[in-house]
Amino acid sequence: MKEKTTIVAQRMKELREGIKLSQAKLATCLDQVEQTAIFRYESGQSFPPYGVLMQYADFFDISLDYLFGRTDNPQGKLYNFQPKVWKNQGQIHELIEMCFDPASPANAQLKETLLRIMEEQNK
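Here the structure is a predicted model, which is why all the values come from computation and not from measurement. (Residues numbered from 1 in each chain as written. Predicted model: local features only at pLDDT ≥ 70, side-chain atom pairs only at ≥ 80, totals over all residues. Heavy atoms only, no water.)

**Some words on the overall build of the protein**
Then comes step 1: The number of helices and strands found in the protein is eight helices and zero strands.
Then comes step 2: The secondary structure elements of the protein, listed N-terminal to C-terminal, are α-α-α-α-α-α-α-α.
Then comes step 3: Here the protein holds 123 residues, and 32% of them are scored as buried.
Then comes step 4: Nonlocal contacts in the protein, meaning residues at least 24 apart in sequence, comprise 47% of its contacts between residues at least 6 apart. (Helix = DSSP H or I, 4+ residues; strand = E, 2+ residues; numbered from the N terminus. Buried < 20%, exposed > 50% of the residue type's maximum accessible area, 1.4 Å probe, protein only. Contact = heavy atoms within 4.5 Å.)

What follows is the structure, given as structure tokens:
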């Protein structure tokens, strides 16, 4: 538990200092968290409760995986969002065909651009 406390304390401090926010100012941004508590969490003197960890994750827009040191990716260990429609080229073409009026002079160029963008997302 000591190692987890250390990494959480370190990450909490790095996140706050990364946006040049004082402990007192951060305390005013969080719900029912005092500056003295933030000091104890960041120094590893005590471990923050679940609610505080969730507030940090929400405030800094990070995952709890990152806060706990399970990954160095702030979005999380398993974050790899890729909509299913991007995986099926047939569906992509069908969607794009429905979106554009064939009589439009920009139709061919818009379709080509969208297809290229969607294919790049699959890489």
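**Side note on the nonpolar core**
Then comes step 1: Counting residues in each nonpolar core, the largest one holds 19 residues, and the members touching the most others are Met12, Leu26, Val33, Ile38, Tyr56, Ile62 and Leu67.
Then comes step 2: Secondary-structure elements contributing two or more residues to this core are helix 1 (2-18), helix 2 (23-29), helix 3 (35-42), helix 4 (50-60) and helix 5 (64-67).
Then comes step 3: With five residues, helix 4 is the largest single contributor of residues to this core.
Then comes step 4: With residues up to four places along the chain from it excluded, the contact list for Tyr56 reads Met12, Leu26, Leu30, Ile38, Glu42, Asp61, Ile62 and Leu67. (Core = buried A, V, L, I, M, F, W, Y, C linked by side-chain atoms within 4.5 Å.)

**A short note on the pattern of salt bridges**
Then comes step 1: A full pass over the atoms with the stated rule returns four salt bridges.
Then comes step 2: Arg11 is the partner of Asp72 in a salt bridge, and the nearest nitrogen-oxygen pair spans 2.6 Å. Of this pair, Asp72 sits in the loop between helix 5 and helix 6 (84-87) while Arg11 is found in helix 1, placing the two residues 61 residues apart along the sequence.
Then comes step 3: A salt bridge links Arg16 to Glu42, with the shortest nitrogen-to-oxygen separation between them at 2.6 Å. Taken together, the residues span a long stretch of sequence, with Arg16 in helix 1 and Glu42 in helix 3 at a distance of 26 residues. For the residue pair Arg16 and Glu42, the accessibility class agrees, reading buried in each case.
Then comes step 4: Each of Arg16, Glu17 and Glu42 takes part in salt bridges that share partners, so that together they form one network. (Salt bridge = Lys/Arg side-chain N within 4 Å of Asp/Glu carboxyl O.)

**Concerning helix 3**
Then comes step 1: Turning to helix 3, its buried residues number three or more, namely Ala37, Ile38, Tyr41 and Glu42. When helix 3 is viewed along its axis, its buried side chains cluster within an angular range of 130° and face the same direction.
Then comes step 2: One or two residues past the end of helix 3 sits Gly44, with phi positive at roughly 80°. (Arc of directions from axis to C-beta.)

**Thoughts on unusual backbone geometry**
Then comes step 1: One non-glycine residue, Lys20, lies in the positive phi region at around 55°.
Then comes step 2: For Lys20, the position within the fold is in the loop between helix 1 and helix 2.
Then comes step 3: Residue Lys20 is classed as exposed on the basis of its relative accessible area of 76%.
Then comes step 4: A positive phi angle is found at Asp61, which is not glycine, with a value near 55°.
Then comes step 5: We classify Asp61 as exposed; its relative accessible area is 67%.

**Looking at the packing of aromatic side chains**
Then comes step 1: Applying the stated criterion to the full structure yields three aromatic pairs.
Then comes step 2: Note on Phe47 and Phe68: the rings are 6.2 Å apart at their centroids and 35° apart in plane angle, and the pair reads as tilted. Residue Phe47 is found in the loop between helix 3 and helix 4, and its partner Phe68 is found in the loop between helix 5 and helix 6; the two are separated by 21 residues along the sequence.
Then comes step 3: Given the relative accessible area of 28%, Phe47 is considered partly exposed.
Then comes step 4: Taken together, a centroid distance of 4.9 Å and an interplanar angle of 85° make the contact between Phe59 and Phe60 edge-to-face.
Then comes step 5: A residue is classified by how much of its surface remains accessible, and Phe59, at 34% relative accessible area, is partly exposed. (Phe/Tyr/Trp six-rings, centres within 6.5 Å; stacked < 30°, edge-to-face > 60°.)

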